[in-house]
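One letter stands for each residue in the lines below.
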Amino acid sequence: MTLRIDVPHPDDAAPVGRTQLTAWLQTYPDEAAGIDEAWIREHRGSTATAEGVARWREFIEDALRQPDLLFCRVVRSGPEIVGFLCGRRDEAVTLGPMYLLAQAQGQGVGGRLMGDFLSWAQDAPVRLWVTEYNAGAIRFYERYGFRTTGERELWRGRLPNVRMARTGG
């Protein structure tokens, strides 16, 4: 599979929304946390609806207009979007969301995406949220200098997330 990283265009909004939902369905089901397909569709299914696609379109358009403040890249396998990484620069640089579908993982494209993002972030500290039982993602972020901060959140009362941060440089 040949994977290519691109700057998205507004017409990518619907495939990005579908990719986000698919990634959630592949990544987050967890019986102990009470997270199943129905819960995911209830809380994240909107990313693939007209409203969710409109939000993605707006973000992509904003990122094209303000590339110094907003970052977004998609991963393509042929015409299909199989992953993406977005971020923003406010009082701090925030990474997220970042998702790769299962078929795109383990091929180095996540590292290439992270390299592009960290180049964009320059020397600024970066922070992100990651689901605490997503051990693979935590190990991935640790390889790039991120460390857990001790800050936690329970997204929508159920999904346990931990904050990770990386100092600049």
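Residues numbered from 1 in each chain as written. Predicted model: local features only at pLDDT ≥ 70, side-chain atom pairs only at ≥ 80, totals over all residues. Heavy atoms only, no water.

Participant: Got a minute to help me understand the layout of surface pockets in this structure?
Facilitator: Left-over empty space is what a probe sized like a water molecule reveals as it rolls over the atoms. One number sums up the size of the largest pocket: a volume of about 1,200 Å³. In terms of lining, the largest pocket is formed by 45 residues, of which the most central are Tyr28, Pro97, Met98, Tyr99 and Tyr141. The leading source of residues in the lining of the largest pocket is strand S4 (residues 93-100), at seven residues. (1 Å grid on protein atoms, 1.4 Å probe; cavity = no way out; pocket = protein on both sides within 12 Å on 5 of 7 lines; lining within 4 Å. Points joined across faces, edges and corners; volume = space filled by probe spheres on them. Helix = DSSP H or I, 4+ residues; strand = E, 2+ residues; numbered from the N terminus.)

Participant: Whenever I open this one, the sheet that holds strand S3 (residues 80-89) confuses me. Can you help?
Facilitator: Paired through backbone hydrogen bonds, the strands of a sheet run either parallel or antiparallel to each other. One open sheet accounts for seven strands, arranged S1-S2-S3-S4-S5-S7-S6; its pairing is mixed. The open sheet is flanked by strand S1 (4-6) and strand S6 (147-155), the only strands paired with a single partner. Each strand of the sheet is rotated relative to its neighbour by a mean of 25°, with strand direction disregarded. Note that S4 and strand S5 (residues 126-131) share two bridges and pair parallel. Across the sheet, Thr94 pairs through a bridge with Arg127, a residue of S5. Seen against the sheet, helix H3 (residues 50-65) touches strand S2 (70-77), S3 and S4 and runs at an angle of roughly 115° to S2. (Pairing = 2+ DSSP bridges. Axes fitted to C-alpha atoms, helices over the stretch in contact; angles between N-to-C directions. Contact = heavy atoms within 4.5 Å.)

Participant: Even after reading the chapter, I still don't get the pattern of salt bridges, so can you show me in this structure?
Facilitator: A side chain with one charge may pair with a side chain of the opposite charge, provided their charged atoms come close. Summed over all chains, the structure comprises ten salt bridges. Salt-bridge contacts for Arg55 lead to Glu51; the nearest nitrogen and oxygen are separated by 2.8 Å. Of this pair, Arg55 and Glu51 both sit in helix H3, four residues apart, which is roughly one turn of that helix. Measuring nitrogen to oxygen at the nearest pair gives 3.1 Å for the salt bridge that ties Arg127 to Glu91. Taken together, the residues Arg127 in strand S5 and Glu91 in the loop between S3 and S4 connect sequence positions 36 residues apart. Of the residues examined, Arg127 reaches a relative accessible area of 26% and is grouped as partly exposed. Exposure remark for Glu91: the relative accessible area of 68% places this residue in the exposed category. Within this structure, Arg4, Asp6, Asp12 and Arg76 form a network of salt bridges that share partners. (Salt bridge = Lys/Arg side-chain N within 4 Å of Asp/Glu carboxyl O. Buried < 20%, exposed > 50% of the residue type's maximum accessible area, 1.4 Å probe, protein only.)

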